[in-house]
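Survey of secondary and tertiary structure
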Amino acid sequence: MCVEAAPKTGCKNSSCGCGGHGRHSQATTRADPRVILALKFGEEAEHKCKCGGGGTCPRHYLALTGLLLGGFLVLHLATNALGLWPEKFQAAVNRNHALGSLLPVLEVALIFLPLTIHVALGLCTLRREKLKFGVEKHHHGSDLRQWLQRVTALIMLAFILFHVITLHRWFGGRFDPGNAFSSASHAIWQFWHGQAAGSFPNLLFAQFYLLGIVAAVYHLTNGIATGAEVLGLVSTPVAQDRLWRICVIAAPALLLAGLAAWYAFAVR
Ligand code: HEM
Ligand code: HEM
């Protein structure tokens, strides 16, 4: 978040004015209400970071599209967890496909367009700053949290490309809505046609799913906490801390849904 008045504890990036690094600087701000009142959050603050943007920081769009995609991912993992009961999963897929010609419109508007914008802005950020540790931040999360956000971004990019191309009908993928559970399970658990399910090459693809799910859960739950801060949706240290705690509690629940889906489609 761009914040004009920096607390006294040391922000290493003087150009960013982010208000200092990590939890240590937050504790100082919380102790003195006058410092909190002097802070300017979100749009009010002057944009003077090194992101290369003009009036509005491109990270605002990254955060906005990230939050939108987050809604999709929560629904996606919850629906896939229904794979534990194949007939319920089929019923959920039938409900989606009952939308008819509205379905592709919603897929483009709510998933593919935001994802393309998010990935384009994300790759620009990564090209500029690489995977360096301790780069300029717009939130109070630690350097490690931000670094992991970027590492998981790259894992997700590889995973989503592979996943969508191998499953989605628009790319000739193997998912058949009329035979939802077994077609998806076959594509995930027996990706390599010539090899038996459970053979080493097929096991590797199934493990890649596990990695994709873990990366996605981290990227999303950490990203909600930092993205809300970047957008100025949580503007006091107390609210930021509360949201972070909620995300820490939500992460295992979301991971459980993802692992249930993985178990249903890849192992059972
Ligand atoms: C469904 C998939 C995805 C979701 C739900 C998602 C969500 C988010 C959220 C909520 C943020 C936080 C924004 C902030 O702190 O300002 C974020 C940041 C980011 N995302 Fe994603 N994202 C997804 C996929 C990707 C992919 C495939 C990439 C690959 C390039 C990517 C790259 C990034 C980067 C580079 C950041 C900023 C990290 C930083 O500023 O340190 N994301 N994402
Ligand atoms: C075991 C876990 C998962 C299963 C069983 C699964 C299943 C599926 C299926 C069957 C589709 C095709 C939907 C269609 O063509 O209508 C799909 C699409 C997609 N999945 Fe997953 N998925 C899983 C995990 C993930 C994860 C972790 C991510 C994000 C990192 C993800 C992102 C996507 C995206 C972006 C699409 C294309 C959007 C769409 O539904 O049209 N999936 N998935």
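Okay, so let's go over this structure. Per-chain numbering applies: the sequence of each chain, read as written, is numbered from 1 onward. Here chains are named by letter from A upward and ligands by number from 1 upward, in the order in which they appear as written. Only residues with pLDDT of at least 70 get local features here, since the model is predicted, and only at 80 or more are side-chain atom pairs given and counted; chain-wide, interface and lining totals rely on the full set of residues.

1. Quick notes on the site of ligand 1
The local shell around ligand 1 holds 28 residues, among which Gly66, Gly122, Ala153, Gly223 and Thr226 are the closest. Per-element tally for the shell around ligand 1: the top contributor is helix 3 (residues 58–81), with eight residues. Each residue is assigned to one of three groups, with Ala, Val, Leu, Ile, Met, Phe, Trp, Tyr, Cys and Pro labelled nonpolar, Asp, Glu, Lys and Arg labelled charged, and all others, Gly among them, labelled polar. Of the residues in the shell around ligand 1, the class split is 15 nonpolar, eleven polar and two charged. Only the C-beta atom matters for nearness: placed from the backbone, it must lie within 6 Å of the molecule or strand for the residue to count as near. Runs of E in the DSSP output that reach at least two residues are strands. Runs of H or I that reach at least four are helices, and both are numbered from the N terminus.

2. Details of the site of ligand 2
Contacts to ligand 2 come from 22 residues, most closely from Asn80, Phe175, Ala184, Ala216 and Ala261. For the shell around ligand 2, the secondary-structure elements that each account for two or more residues are helix 3, helix 5 (102–129), helix 6 (143–167), helix 8 (200–230) and helix 9 (237–267). Top element by residues in the shell around ligand 2 is helix 6. It accounts for six residues. Partitioning the shell around ligand 2 into residue classes produces 15 nonpolar, five polar and two charged.

3. So, helix 9
One fewer than the residue count of a helix, multiplied by 1.5 Å, yields its expected span. Between its first and last C-alpha, helix 9 extends 43 Å over 31 residues, near the 45 Å set by a 1.5 Å rise per residue. The angle between axes fitted to the seven-residue stretch ending at a residue and the seven-residue stretch beginning at it gives the bend at that residue. At alanine 250, helix 9 shows its largest kink, close to 25°, and the proline proline 252 lies no more than four residues downstream. Every buried residue of helix 9 is listed here: Pro237, Gln240, Trp244, Leu254, Ala257, Gly258, Ala261, Trp262, Ala264, Phe265 and Ala266. Residues with at least 20 other C-beta atoms within 10 Å of their own are called buried, those with 12 or fewer are called exposed, and the rest are partly exposed. The C-beta atoms themselves are positioned from the backbone.

4. Topic: the nonpolar core
The biggest cluster of nonpolar side chains holds 34 residues, and the ones touching the most others in it are Ala216, Val217, Ala261, Trp262 and Phe265. Counting only elements with at least two residues in this core, the list comes to helix 3, helix 4 (86–97), helix 6, helix 7 (180–189), helix 8 and helix 9. Tallying contributions element by element places helix 8 first for this core, with eleven residues. Contact between two residues is assigned when their C-beta atoms, built from the backbone, lie within 7 Å. The residues contacting alanine 261, other than those within four sequence positions of it, are Leu77, Asn80, Ala81 and Gly83. Note on terminology: a nonpolar core is a set of buried residues of type Ala, Val, Leu, Ile, Met, Phe, Trp, Tyr or Cys, with members joined through C-beta atoms within 7 Å.

5. Considering the packing of helix 3 against helix 9
Between two packed helices, the angle of one axis relative to the other and the distance separating the axes together describe the packing. The geometry of helix 3 relative to helix 9 is characterised by a closest axis approach of 7 Å and an angle of 45° between their N-to-C directions. One element, helix 3, and the other, helix 9, form an angle in the oblique class. The two elements helix 3 and helix 9 cross, and the hand of that crossing is left-handed. Of helix 9, the residues touching helix 3 (which contributes Val74, Leu77, Ala78, Asn80 and Ala81) are Leu254, Ala257, Gly258, Ala260 and Ala261. Class assignment of the residues belonging to the contact of helix 3 with helix 9 gives a composition of eight nonpolar, two polar and no charged. Axis lines are fitted through C-alpha atoms, for helices just across the contact stretch, and the angle between N-to-C directions can take any value from 0 to 180 degrees. These descriptions rest on fixed angle ranges, namely under 35 degrees for roughly parallel, over 145 for roughly antiparallel, 65 to 115 for roughly perpendicular, and the rest for oblique. The sense of a crossing depends on the near helix, which, turned anticlockwise from the far helix by less than a right angle, makes the crossing left-handed and, turned clockwise, makes it right-handed.

6. Quick word on helix 7
Turning to helix 7, its buried residues are Ala180, Ala184 and Ile188. Projected down its long axis, helix 7 shows its buried positions confined to an angular sector of 40°, all on one face. Looking at the buried side of helix 7, the elements it contacts are helix 4, helix 6, helix 8 and helix 9. Note: the arc covers the axis-to-C-beta directions of the helix.

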